[in-house]
Amino acid sequence: MGLGPRLWLLLLLHLLLAQAARRSFVVDRRRGVFLRDGVPFRYVSGSVHYSRVPSQLWSDRLHKMRMSGLNAVQVYVPWNYHEPQPGVYNFQGNRDLVAFLQAAFREDLLVILRPGPYICAEWEMGGLPSWLLRKPDIALRTSDSDFLAAVDSWFHVLLPMLQPWLYHNGGNIISVQVENEYGSYFACDFNYMRHLAGLFRALLGDEIFLFTTDGSEGLSCGTLQGLYSTVDFGPADNMTKFFAMQRKYEPNGPLVNSEYYTGWLDYWGGNHSSQDLESMTSVLQSMLELGANVNMYMFHGGTNFGYWNGADWKKIYQPVTTSYDYDAPLSEAGDPTPKLLAIQKVISQFQELPLGPLPLPSPKMKFGPVTLKLDYGFVLYRTWLPQNFTKPTQLWAQSDSIHDRAYVMLDGVFQGTMERDKEEVALFLTGQAGSTLDVLLENMGRISFGSNFSDFKGLIQPLVLGNVILTNWQLFPLNIDVLMESENRTFKTQKLDLKPPSGPAFYSATFQLPGPAWDTFLYLPGWTKGQVWINGFNLGRYWTKRGPQQSLYVPGPLLLPTGASNSIKLLELEQAPPRTQIQFLDRPLLNATIH
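So, here is what we can say about the structure in this document. (Residues numbered from 1 in each chain as written. Predicted model: local features only at pLDDT ≥ 70, side-chain atom pairs only at ≥ 80, totals over all residues. Heavy atoms only, no water.)

What about the overall build of the protein?
So, step 1. Per the secondary structure count, the protein includes 11 helices and 34 strands.
So, step 2. Taking 595 residues into account, the globule formula puts the C-alpha radius of gyration at 25 Å, and the protein, at 26 Å, falls close to it.
So, step 3. For the C-alpha atoms alone, the extent of the protein along its principal axes is close to 95 × 55 × 50 Å.
So, step 4. For the protein, the residues scored as buried account for 58% of the 595 residues in total.
So, step 5. Sequence separation of at least 24 residues holds for 78% of the intrachain contacts in the protein that already meet a minimum separation of 6.
So, step 6. Accessible surface, the protein as shown: approximately 24,800 Å² in total, 54% of it carbon and sulfur. (Helix = DSSP H or I, 4+ residues; strand = E, 2+ residues; numbered from the N terminus. Rg over C-alpha atoms; globule rule 2.2 N^0.38 Å. Buried < 20%, exposed > 50% of the residue type's maximum accessible area, 1.4 Å probe, protein only. Contact = heavy atoms within 4.5 Å. Areas by Shrake-Rupley, 256 points an atom, 1.4 Å probe, with all protein chains shown as cover.)

If you want it as structure tokens, here you go:
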């Protein structure tokens, strides 16, 4: 007599529970290795940020990473991406973290999770929500009571959601990082780190493997007893020195480089970064020969869509470009590069590669030009001249007053720009008492690394005209993204003979694709600086005049198929070209700095 269906189901459930009970990920200090289910294990991992890749493309990127020979992925969780306002959470669509974990699970990829609360990642404010700054005296990344209350509230939402995905519970999360390179931060607050460690243990359980990551100079403040200490360094660093520093704190555990840099980020006005292929693969091979566990940062960089780019503070303010290509093994568009093939060859010497071919680059399309029509401009700060200024009078900003870039208009006429930490051409104004002075302030990205202060945005102090401090400012908050998303509207042009003006203005057009909705790259020759939306999706910033990035990646899933009408809207902040046209290219332009 055979077993009944219910008995079979109970037997299967029993087997699965027994299997889950045997699952473990721990450190064997005697042998200096990780043990996965009791067997020595070494991960070769790569970083990918779900927040920088449209959700429709997660599976594609993860599959390519698995076929490259990786057995794990490392991923940040940006707090501000999921809690835009206190107590308001978003885990839908591109923010569906559980769906990303499921996609990694289907590819048989383990997950190294880095939930912060601070993540750096060249992400807006390092992942911390800007609404924390509503309390101007808050001490971020410390045991400040206001900061800890917000952190606790957030983690009581996030961490229980992740609990079923921990490896010992049958999921794929093998380890969780506490904070992020905390030793590089000035505070060195061990009470804060102890609070986080206790919170993680309370919400995730004692079995979860917790670790920290620091550079060689940060280990003294970034480590904590009970958390496994790891290091990060790139090909140009001294591998022996960095691993020796880790050994000082972890004399008997496995060697771990949590961020092995495959490339580097780009800043507006700099050159496109690249990493020497030979040195990068040579050091990777040396680490693997030592038996080290390695995570490559980045393996796929992606894109800082919208306003999500961060900024570094290195004596001056340096905002990060929209492209986060990072010269990574998988390009911004997710295509395998020669660097990936070289890495795959190194990995194959140490572990077996998955069967099957590495996917080919995705098809790209090229078309255009598309001509855009002028719509209208807008302002954010407004005041009025308190007296007559008959002679040209300099408009200037007090020290550190502009965060980050100001576009100045007098009675509707564009006068020029003022920028944080930049010496711009002086602005001289003439006007009558009562003339309207409009100043549009652009947030170019809150500092994510290299600063120990809160990066407030806007006019921090009033502007000064001559020796007159301008007061009585009016503030006009404007949520441009909501405007762009409302019914995916196309603005109506008031006049047909409008010429491209100086100063902030909107431009729009509709277009149809010449074929399937493939990836493409938006090229804006002659345009100066601004923001782009396609079908209501915020592609991010362009700054053609400053570079190095000259094109914006447009993922195919954002476009409507042949026969449907796509919309594009530009907010040009300074000067549109005489011919208000754009092009779509089949390859990116990332390295064309205009000095």
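Alright, that's what it looks like, and here's the rest.
Section: the sheet that holds strand β14 (residues 367-371)
So, step 1. On the basis of which strands lie adjacent, the open sheet formed by 4 strands has the order β14-β34-β29-β32 and antiparallel pairing. Both outer strands of the open sheet, β14 and β32 (551-554), are each paired with one neighbouring strand and no more. Strand-to-strand twist across the sheet, computed as the mean angle between neighbouring axes with direction ignored, equals 25 degrees.
So, step 2. In the sheet, strand β29 (residues 520-523) pairs with β32 via 4 bridges, with the strands oriented antiparallel. Note on β32: the bridge partner recorded for F521 is Y553. (Pairing = 2+ DSSP bridges. Axes fitted to C-alpha atoms, helices over the stretch in contact; angles between N-to-C directions.)

With respect to the state of the cysteines
So, step 1. With the rule as written, the count across this model stands at 1 disulfide.
So, step 2. With a sulfur-sulfur separation of 1.9 Å, C188 is cross-linked through a disulfide to C221. Every disulfide takes its handedness from the sign of the S-S torsion; for C188 and C221 that torsion is -90 degrees, giving left-handed. Placement of the pair is C188 in the loop between β7 (173-177) and α6 (190-204) and C221 in helix α7 (residues 219-222), with a sequence separation of 33 residues.
So, step 3. Here C188 falls in the partly exposed class, since its relative accessible area comes to 26%.
So, step 4. C221 provides the cysteine sulfur closest to C120, a residue in no disulfide bond, and the two sulfurs are 17 Å apart. (Disulfide = S-S within 2.5 Å.)

Notes on the environment of C188
So, step 1. Along the chain, C188 and S220 lie 32 residues apart, while their C-alpha atoms are 8.7 Å from each other.
So, step 2. Those residues within four positions of C188 in sequence are excluded, and the remaining contacts are Y182 and C221.

Some thoughts on the pattern of salt bridges
So, step 1. Using the criterion set out here, one finds 12 salt bridges in the structure.
So, step 2. Across the pair R114 and E259 runs a salt bridge, and its minimum N-O distance is 2.9 Å. Residue R114 is found in strand β6 (residues 110-114), and its partner E259 is found in strand β10 (residues 256-261); the two are separated by 145 residues along the sequence. The same class applies to R114 and to E259, which are both buried.
So, step 3. In this structure, the salt-bridge partner of D327 is K339, at a minimum N-O distance of 2.9 Å. Pair noted here: D327 is in the loop between β13 (317-319) and α10 (338-347) and K339 is in helix α10, with a separation of 12 residues, a long-range link. (Salt bridge = Lys/Arg side-chain N within 4 Å of Asp/Glu carboxyl O.)

A word on helix α5 (residues 145-162)
So, step 1. Counted at 1.5 Å a residue, the expected span for α5 with its 18 residues is 26 Å, and the 25 Å between its end C-alpha atoms agrees.
So, step 2. Of all the residues in α5, the buried ones are F147, L148, A150, V151, W154, F155, L158, L159 and L162.
So, step 3. Contacts from the buried residues of α5 go to α3 (79-82), α4 (97-106), β6, β7 and α6.
So, step 4. Of the residues flanking the start of α5, the one acting as N-cap is D144, its side-chain oxygen 2.9 Å from the backbone nitrogen of D146. (Expected span 1.5 Å × (residues − 1). Polar contact = N/O pair within 3.5 Å; in protein donor to acceptor, adjacent residues only side chain to side chain.)

Brief notes about the packing of helix α2 (residues 58-67) against α4
So, step 1. Between α2 and α4, whose axes approach to 9 Å, the crossing angle comes to 35 degrees. Note that α2 runs across α4; the crossing there is right-handed. Contacts from W58, S59 and L62 in α2 reach A99, F100, A103, A104 and R106 in α4.
So, step 2. Of the residues contributing to the contact of α2 with α4, the split by class is 6 nonpolar, 1 polar and 1 charged. (Left-handed = near helix turned anticlockwise from the far one by under 90°. Nonpolar A, V, L, I, M, F, W, Y, C, P; charged D, E, K, R; others polar.)

Quick notes on the nonpolar core
So, step 1. In this structure, F155, M287 and M296 are the most contacted members of the largest nonpolar core, which totals 101 residues.
So, step 2. With 9 residues, α5 is the single largest residue contributor to this core.
So, step 3. When near neighbours in sequence (up to four residues on either side) are disregarded, M287 contacts R42, F233, M239, F243, N257, Y260, A292 and V294.
So, step 4. Core analysis: the next-biggest nonpolar cluster, separate from the first, contains 30 residues, F389, M409, L427 and L463 among them. (Core = buried A, V, L, I, M, F, W, Y, C linked by side-chain atoms within 4.5 Å.)

Overview of the sheet that holds strand β17 (residues 389-397)
So, step 1. Spatially, 4 strands are ordered β21-β17-β25-β26 in an open sheet, and the strand pairing comes out antiparallel. Edge positions in the open sheet fall to β21 (427-431) and β26 (468-469), since each of these has one partner strand only.
So, step 2. When strand β25 (residues 463-465) meets β26, the two strands line up antiparallel, connected through 2 bridges. Across the sheet, residue L465 finds its bridge partner in β26, namely V468.

Some points on unusual backbone geometry
So, step 1. At the junction of G116 and P117, the peptide bond is cis and its omega measures out at 20 degrees in the coordinates.
So, step 2. Following the sequence through the fold, P117 ends up in the loop between β6 and α5.
So, step 3. The linkage connecting G547 with the following residue, P548, adopts the cis geometry, with an omega of 5 degrees.
So, step 4. Along the polypeptide, P548 turns up in the loop between β31 (537-542) and β32.
So, step 5. A positive phi is found at D108, a non-glycine position, where the angle reads about 60 degrees.
So, step 6. Along the chain, the position of D108 falls in the loop between α4 and β6.

Quick word on the packing of aromatic side chains
So, step 1. With the rule as written, the count across this model stands at 39 aromatic pairs.
So, step 2. Ring geometry for W268 and W543: centres 5.9 Å apart, planes at 55 degrees, overall tilted. Taken together, the positions of W268 in the loop between β10 and α9 (277-289) and W543 in the loop between β31 and β32 put the pair 275 residues apart, joining distant regions of the chain.
So, step 3. W543 gets classed as buried once you look at its relative accessible area, which sits at 3%.
So, step 4. Seen from their ring centres, Y324 and Y326 are 5.3 Å apart, and the 50 degrees between their planes marks the pair as tilted. Across this residue pair, the class does not change: Y324 and Y326 are buried.
So, step 5. Through a chain of ring-to-ring contacts, three or more aromatic side chains come together here, namely F25, F34, F41, Y43, F209 and Y228.
So, step 6. Here the basic side chain of R95 rests over the ring of Y81, its NZ or CZ set 4.1 Å away from the ring centre.
So, step 7. We note R141 situated over the ring of Y118; from NZ or CZ to the ring centre the distance is 3.6 Å. (Phe/Tyr/Trp six-rings, centres within 6.5 Å; stacked < 30°, edge-to-face > 60°. Lys NZ or Arg CZ within 6 Å of the ring centre and 35° of its normal.)

Overview of α10
So, step 1. The complete set of buried residues in α10 reads K339, L340, I343, Q344, V346 and I347. Down the axis of α10, the smallest arc covering the buried residues is 160 degrees, so these residues share one side. Opposite its buried face, α10 presents the exposed residues P338 and K345, each directed more than 90 degrees away.
So, step 2. Structurally, α10 contributes buried residues whose contacts are with β4 (44-48), α2, α9 and β11 (293-300). (Arc of directions from axis to C-beta.)

Interpretation note: all reported values are geometric properties and have no functional meaning in isolation.
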